[in-house]
Amino acid sequence: MPAVTNWLIDGDETDIKTVEQILRDFTELFDEGSTFTDKELRDAFRRIAEDRAYSLKDHFSDRGLIRTGKKQVAPKTANQRKISRCDRRERSRF
């Protein structure tokens, strides 16, 4: 089956840029050998809808996991992700 090279995306300019970024990220991750379940993609799309600064690449590259003793916890809201990112940045300075 030939690859699709041309897409027509109609909508608000912000939404179009978001979709373009999702497609670029998906292509990069797929080319790197990443695989995704439907549930993982739905979760990523839901998070991107909540926070447009969040990307598909952020979701699958970093997964935003926080270690708490023996468990790993993933941030579920945009604010939790922001706090997690700030915390990681602060720790990386030392």
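The text that follows walks through the structure, step by step, so that each part is easy to find.

Scoring rules and cut-offs
Residues numbered from 1 in each chain as written. Predicted model: local features only at pLDDT ≥ 70, side-chain atom pairs only at ≥ 80, totals over all residues. Heavy atoms only, no water. Helix = DSSP H or I, 4+ residues; strand = E, 2+ residues; numbered from the N terminus. Buried < 20%, exposed > 50% of the residue type's maximum accessible area, 1.4 Å probe, protein only. Salt bridge = Lys/Arg side-chain N within 4 Å of Asp/Glu carboxyl O.

Quick notes on the environment of A53
Here is step 1 of the chain: Looking at the secondary structure, you find A53 in the loop between helix 2 (38–50) and helix 3 (56–62).
Here is step 2 of the chain: In this structure A53 comes out as exposed when scored by relative accessible area, which is 61%.
Here is step 3 of the chain: Remark: the alpha-carbon pair of A53 and T18, spanning 35 residues in sequence, is separated by 9.1 Å.

Looking at the pattern of salt bridges
Here is step 1 of the chain: Scanning all chains against the criterion turns up five salt bridges.
Here is step 2 of the chain: The partner of D15 in a salt bridge is R52, with the nearest N and O atoms 2.9 Å apart. Within this pair, whereas D15 is found in helix 1 (residues 13–31), its partner R52 is found in the loop between helix 2 and helix 3, the two being separated by 37 residues in sequence.
Here is step 3 of the chain: Classification of R52 by relative accessible area gives partly exposed; the value is 42%.
Here is step 4 of the chain: One salt bridge connects K57 with E28, and the closest N-O pair in it is separated by 2.1 Å. Of the two residues, K57 sits in helix 3 while E28 sits in helix 1, which places them 29 residues apart along the sequence.
Here is step 5 of the chain: Given a relative accessible area of 25%, K57 falls into the partly exposed group.
Here is step 6 of the chain: Through salt bridges with shared partners, one network takes in D43, R46, R47 and E50.

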